[in-house]
Amino acid sequence: MMRVVVHIDQERSPLKVTSEDISDIQKAVRKAFSSKVLRDVKGGVAELLMPADKVEVSISLVANEDIKVLNRDYRGLDASTDVLSFCTDLEFGEVELLRRAGEPLPVGDIVISTEKALQQSEEFGHSFKRELIYLVVHGTLHLLGYDHQEEAQRVQMREAEEQILTDLGLTRDSETV
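Residues numbered from 1 in each chain as written. Predicted model: local features only at pLDDT ≥ 70, side-chain atom pairs only at ≥ 80, totals over all residues. Heavy atoms only, no water.

Student: Hey, could you run me through the sheet that holds strand β3 (residues 83-87) in this one?
Tutor: Either a parallel or an antiparallel arrangement is found when strands of a sheet pair, and the pairing is made through backbone hydrogen bonds. Here we have four strands laid out as an open sheet, ordered β1-β2-β4-β3, and mixed in their pairing. With partners counted over all chains shown, the strands left at the sheet margins are β1 (3-9) and β3, one partner each. Recorded for the sheet is a direction-independent mean angle of 20° between the axes of neighbouring strands. Relative to strand β4 (residues 105-113), strand β2 (residues 54-62) is paired through eight bridges, and the arrangement is parallel. In the strand pairing of β4, E56 is matched with P106. Sheet strands touched by helix α6 (residues 128-144): β2, β3 and β4. Its angle to β4, the strand with the most contacts, is close to 140°. (Pairing = 2+ DSSP bridges. Helix = DSSP H or I, 4+ residues; strand = E, 2+ residues; numbered from the N terminus. Axes fitted to C-alpha atoms, helices over the stretch in contact; angles between N-to-C directions. Contact = heavy atoms within 4.5 Å.)

Student: Please clarify how the pattern of salt bridges should be interpreted in this entry.
Tutor: Should their charged atoms come close, side chains of opposite charge can pair. For the structure on display, the rule yields 10 salt bridges. For E162, the salt bridge is made with R158, and the minimal N-O distance between the two is 2.5 Å. Of this pair, E162 and R158 both sit in helix α7 (residues 151-167), four residues apart, roughly one helical turn. Here R158 falls in the partly exposed class, since its relative accessible area comes to 24%. (Salt bridge = Lys/Arg side-chain N within 4 Å of Asp/Glu carboxyl O. Buried < 20%, exposed > 50% of the residue type's maximum accessible area, 1.4 Å probe, protein only.)

Student: What is the right way to look at the packing of aromatic side chains in this model?
Tutor: Scanning the model with the defined rule gives one aromatic pair in all. Their ring planes at 70° and their centres at 5.0 Å tell us that Y74 and F86 sit as a pair that is edge-to-face. Of this pair, Y74 sits in helix α3 (residues 64-75) while F86 sits in strand β3, and the two are 12 residues apart along the sequence. Residue classification places F86 among the partly exposed positions, given a relative accessible area of 23%. (Phe/Tyr/Trp six-rings, centres within 6.5 Å; stacked < 30°, edge-to-face > 60°.)

Right under this line is the structure:
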């Protein structure tokens, strides 16, 4: 079974999440890596991963202003957003070297605006926790190679998100992780 290490930094977040939320974030990332959605994605780092791998994901919880700067610098959009994902560009040779050394494979970084997550949770009428976990799942799927630029991709990614959230007990009707 794939071992998933999740590093979470909330130092720059104006909204602090609880230790229970941190645990739920880690569960959500691990669920994405252990689920059927990992096998369904074409392209991206997911095609390089093997069940025995140890992988590493970093998540930063930040303020709107912080994510706005990243969005401007990396996407050319001068506006805050809810989540950004930065994939590590691992190549097959690098993956093999890390495996032989027993090192974790750095899959990438996810940045989430907790302010935007709170705003969206209020707009959509569900808990902050559900919105935060949704954004973690969405960002993780991007790291694995999912995208939503085209309609077929959007549908596939949305189905994967809903499956993971359902597996975590975070359907629109119930919210237990």
